[in-house]
Amino acid sequence: MSDPVPSTTDGSGQVASARPPARGRSPRLSDRGLAVAFISPAMLLLLAMSVFPLLWALYLSFTDYSATRGGPANFIGFGNYTAILTSAQVHTRALTTVIYVVGAVGLQTVLGFGIAYLISRRTRGRGVLTTLFLVPMMLSPVVVGLFWRFMLDAQFGVVNSMLGSLGLGQVEWLTRQRTALLSLIVVDTWQWTPFIMLIALAGLTAVPKYLYEAASIDRASEWFKFRTITLPLVWPLLLIAVMFRAIEAFRLFDLVYILTNGGPGVSTETLSFHIYKVAFLGFNTGTASAYGILMVLVVIVLTQLYLRYLNKLKEG
Amino acid sequence: MAMLLVATTAAACGDGKDDGEKASAPKAPATIPELTKDPLTLSFIWFDWPPAKALEAFANAEYKKERPNATIKVNTVPNANWHDAMFTQFAARKTDFDIAILDSQHIGEAVTNGNILDLTDFVKENIDVAAYNPYLLAAYGQFPQAETGKRDENASLYGLPLLGDTWTMIYRKDLIGDKPPQTWDQMIAAAEKCQANNPGVSGLAFHQANGSDAAAVTYNTVNGVYGGNLWDSKNRKIDGVINDAAGQEAMDVLVNKMKPLTAKGSGNWFIDEVNAAVAQGKACIAFNWIAASGGLLDPKQSTLGTTREQILDKLGFATLPSQKTNLVPLGGMGMHVSAYSATANQAEALNFMEWFERADVQKKWAAAGGVPSRTDALESPEFLNAGPFNRVYTDSVPRMRDMWNVPEYARLVDIENTNVNAALNGAKKPKDALDDIAKEQQGVLDSSNRKGGGGL
């Protein structure tokens, strides 16, 4: 007759007595059930806050629905998509957005990497400097926009005041076509250069020191070391930072809203700002949904191409 | 996009009573229903400016005497978000306000969407319509829109006046003399001379920003003064009307004669910036809304004097100069009851409106800094003595002209704002800007049957 209490043998050959189930655990709840119970709140939240709105927006994008006018959402096929892709208004905003993204991200990359490179060569005060450089990134874009708006004011702004004390003339930073877009790029650069700097600094810190030591023994110049050791090793990480920044810059809204409100005229209206107007001035919900979906698609396609390039770079 | 989705999802998940039906405003009862005796908060929504604070203080002081259980709360949002804040809630078919303070031009959108109550029967039973200038009553409540200067007795009313307003000309008596310019040409000449004689002081200050209705109101004012029209309302025609010869002349005057007399970088100025320029003594002549001009007399905010009297020695307030016509812009707002407010709150809102429009209350509102709409209050000493610009308002009432209060208003005003702002800041030639306004606005009016791409 076997022992009614099952026993197990551990690896050492000793017999371990069977333990009762953990106290408080329902005998009906399997491990799988427990896993589902733990995951389901997060999954439900994700479904409610992310997946459902996205699918809902996708559905609305094929209709002429207006949130304020109510009434049925009539199916109009690709009408919204065709109208958006052929609209001169959208093309203008797309060009503005591209100029902004290229200008801002390009400037941030050069400055961010430059600052990171300089900081990485310091041995003292590195932590303090890094922390100080990170401060702008921690501020709300609305706050940043508001104080830059005051600083760039043509009449009483501190920037023009400084230019005046240097004997230079007043500049209409926010009310002229070229300077307004330039101002947006400068403000965004001020705020987000630290992000590139931080990632570049992580990459620079990870470069093995023995490579530099070996290069030094071979009497390699600083430029040679930078070109053949530093840049190739940091480049993939830097490209990831550029990708994150480009995605962020592509959907810029807050700075435009606070600093220029899209002006003068519509010359600093980005795609996101235009969507806001379509969605909330005329409450053309169907069009705005299609516009948003198209922006998401553009980001996904460009990101995929970019990631493929990054993978190739890694393989190479 | 998240905001949009919240609004649309809420609309889709709401009671859906408008689905499949042509939206129309629900009717308010002709008589005020029985009021609750429980504590109740009556909420308004407005934009953040001094009259909003004045209204809350006034209503809590005076209305509470009649209804001790009622508390008035005036919720405010930045001016640029005012339309969005109200209509996003309307879209969700649920509002956290009981009384929406709408610009007159928002009425069409709110009525067509069924967002506010039809007050026609209520007004007939409770309001003495003969006590008002007919156009004022019409401008803040009637839909379809009243013809300038008139009221259609048979049209429905959806609101009642809360705060009247128009532009006043603010001029430096110490720089250009006590007598204000009488014509637009004289005004420009006086500003030009003043600017030349006073280095550091610009000849003019006015609204040029591309947000809210800033630049649009400026152009519309000059357009009216030079005999232009914004549209042919009967035929819904804008192209060929706003950009006719009078319209072109107005744009030319605004961009080529007035703009050069403004401060450098003033292309994004609105109410606060114009007031700041006047208070700091940086403008010879300025134009601003009367309801926003009270702060100019505050010595704490001004460099023109250490007392109100000293400031008034330098600042004069006058009605706008005339040229080919004497039209002035209609400002101000009306009170409208949210269709989604609780029944008890709607009843309280109607009671408040009936109370607010009484002759004695309108005079008290005038004394508290408000701009009333009843003729007896407008001509009362309480109002005329409350501020140096109040006489300007009373004299301007017969001269007022409004914009369009059609459902497409928000898009029409945005088109005009951005294009006038572009012309004022050198981003477009004046003629091109005006032609673009005409073409784009006409496109909005004609696009109601378009399949797809609405709003672009």
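Residues numbered from 1 in each chain as written. Chains lettered and ligands numbered in written order. Predicted model: local features only at pLDDT ≥ 70, side-chain atom pairs only at ≥ 80, totals over all residues. Heavy atoms only, no water.

A.B. asks: Would you explain the overall build of chain A in this entry?
C.D. replies: Scanning chain A for helices and strands turns up twelve helices and two strands. Helices (α) and strands (β) of chain A occur, in sequence order from the N terminus, as β-β-α-α-α-α-α-α-α-α-α-α-α-α. Counting only C-alpha atoms, chain A reaches 105 × 75 × 40 Å along its principal axes. Classification of the 316 residues of chain A by burial places 41% in the buried group. (Helix = DSSP H or I, 4+ residues; strand = E, 2+ residues; numbered from the N terminus. Buried < 20%, exposed > 50% of the residue type's maximum accessible area, 1.4 Å probe, protein only.)

A.B. asks: Sorry, what's going on with the packing of aromatic side chains here?
C.D. replies: What characterises a pair of aromatic rings is the spacing of the ring centres plus the angle enclosed by the ring planes. All names here are of chain A. Evaluation of the coordinates by the stated rule reveals 42 aromatic pairs over all chains. Ring centres of W223 and F226 lie 5.9 Å apart, and the angle between their planes is 25 degrees; on these two criteria the pair is classed as stacked. Highlighted residues: W223 and F226, both in helix α9 (residues 222-250), separated by three residues, approximately one helical turn. What makes W223 exposed here is its relative accessible area of 55%. (Phe/Tyr/Trp six-rings, centres within 6.5 Å; stacked < 30°, edge-to-face > 60°.)

A.B. asks: Help me understand the nonpolar core, please; the structure alone is not making it clear to me.
C.D. replies: Nonpolar side chains tend toward joint burial in soluble globular proteins. The biggest cluster of nonpolar side chains holds 199 residues, and the ones touching the most others in it are F44, W46, W184, M258, F287, F352 and Y393 of chain B. For this core, the two domains that each supply at least three residues are domain 1 (26-165 + 331-401) and domain 2 (167-328 + 406-449) of chain B. Contacts of F352 of chain B, omitting those with residues within four sequence positions, involve L42, F44, A59, Y63, I72, I99 and M335 of chain B. Grouped together as the second largest cluster of nonpolar side chains are 20 residues, I119, F195, I199 and V234 of chain A included. (Core = buried A, V, L, I, M, F, W, Y, C linked by side-chain atoms within 4.5 Å. Domains from an automatic or database assignment. Contact = heavy atoms within 4.5 Å.)

A.B. asks: Just checking my understanding: could you explain the confidence of the model for chain A for this structure?
C.D. replies: If pLDDT is low for a region, its predicted coordinates should not be looked at in detail. Overall, the predicted model of chain A reaches an average pLDDT of 90, with 91% of residues at or above 70. Within the model, the stretch residues 1-16 of chain A combines pLDDT values under 50 with eight contacts to residues more than four positions away or in other chains. (pLDDT = per-residue confidence, 0-100.)

A.B. asks: Could you clarify how one ought to interpret the sheet that holds strand β2 (residues 70-77) of chain B in this entry?
C.D. replies: By way of backbone hydrogen bonds, the strands of a sheet pair with one another, either parallel or antiparallel. Residue and element names in this part refer to chain B. The strand order across the open sheet formed by five strands is β2-β1-β3-β12-β6, and the pairing between neighbours is mixed. Of all strands in the sheet, those with a lone pairing partner are β2 and β6 (160-165), marking the two edges. The sheet shows a mean angle of 20 degrees between the axes of neighbouring strands, taken without regard to direction. Sheet analysis places strand β1 (residues 40-47) next to strand β3 (residues 99-103), joined by two bridges and oriented parallel. In the sheet register, F44 faces β3, and the bridge partner there is I99. Those strands touched by helix α3 (residues 82-91) are β1, β2, β3 and β12 (331-337), and its axis lies near 130 degrees from that of β3. Together, β1, β2, β3, β6 and β12 form the strand contacts of helix α13 (residues 343-356), whose direction differs from that of β1 by roughly 65 degrees. (Pairing = 2+ DSSP bridges. Axes fitted to C-alpha atoms, helices over the stretch in contact; angles between N-to-C directions.)

A.B. asks: Help me understand the interface of chain B and chain A in this model?
C.D. replies: One frequent convention defines the size of an interface as the accessible area lost when the parts assemble. Listed per partner, the contact involves 48 residues of chain B and 56 residues of chain A. Carbon and sulfur atoms supply 59% of the area that chain B and chain A bury against each other, a total of about 4000 Å² over both sides. The tally of links between chain B and chain A comes to two salt bridges. Taken together, chain B and chain A are joined by eleven residue pairs in polar contact (both at pLDDT 80 or more). In terms of residue class, the side of chain B that touches chain A is made up of 17 nonpolar, 20 polar and eleven charged. (Buried area = accessible area lost by both parts, 1.4 Å probe. Salt bridge = Lys/Arg side-chain N within 4 Å of Asp/Glu carboxyl O. Polar contact = N/O pair within 3.5 Å; in protein donor to acceptor, adjacent residues only side chain to side chain. Nonpolar A, V, L, I, M, F, W, Y, C, P; charged D, E, K, R; others polar.)

A.B. asks: I keep staring at unusual backbone geometry and nothing clicks. Help me out?
C.D. replies: Peptide bonds are trans in most cases, and residues, glycine excluded, mostly fall at negative phi. G263 of chain A connects to P264 of chain A through a cis peptide bond whose omega is 0 degrees. Turning to its location among the elements, P264 of chain A is positioned in the loop between α10 (254-259) and α11 (271-280). The omega torsion of the bond from F143 of chain B to P144 of chain B falls at 0 degrees, within 30 degrees of zero and hence cis. In this fold, P144 of chain B is placed in the loop between β4 (142-143) and β5 (156-157). Residue R219 of chain A is not a glycine yet carries a positive backbone phi of 60 degrees. Locating R219 of chain A in the fold gives a position in the loop between α8 (209-217) and α9. Positive phi, close to 55 degrees, is recorded for R93 of chain B, a residue that is not glycine.

A.B. asks: Can you walk me through the confidence of the model for chain B in this structure?
C.D. replies: Counting all residues, the mean pLDDT for chain B is 93, and 94% of those residues have values of 70 or more. Low pLDDT, under 50, characterises residues 10-23 of chain B; the predicted model gives this stretch 17 contacts beyond four residues in sequence or across chains.

A.B. asks: Even after reading the chapter, I still don't get helix α18 (residues 409-424) of chain B, so can you show me in this structure?
C.D. replies: Each α-helix turn comprises 3.6 residues. Residues three or four places apart therefore point the same way. Residue and element names in this part refer to chain B. Taking 1.5 Å as the rise per residue, α18 with 16 residues should run 22 Å; its terminal C-alpha atoms sit 22 Å apart, in good agreement. Of all the 16 residues making up α18, 16 are buried; the element is thus mostly covered by neighbouring parts of the structure. Just past α18, the residue G426 takes up positive phi, approximately 75 degrees. (Expected span 1.5 Å × (residues − 1).)

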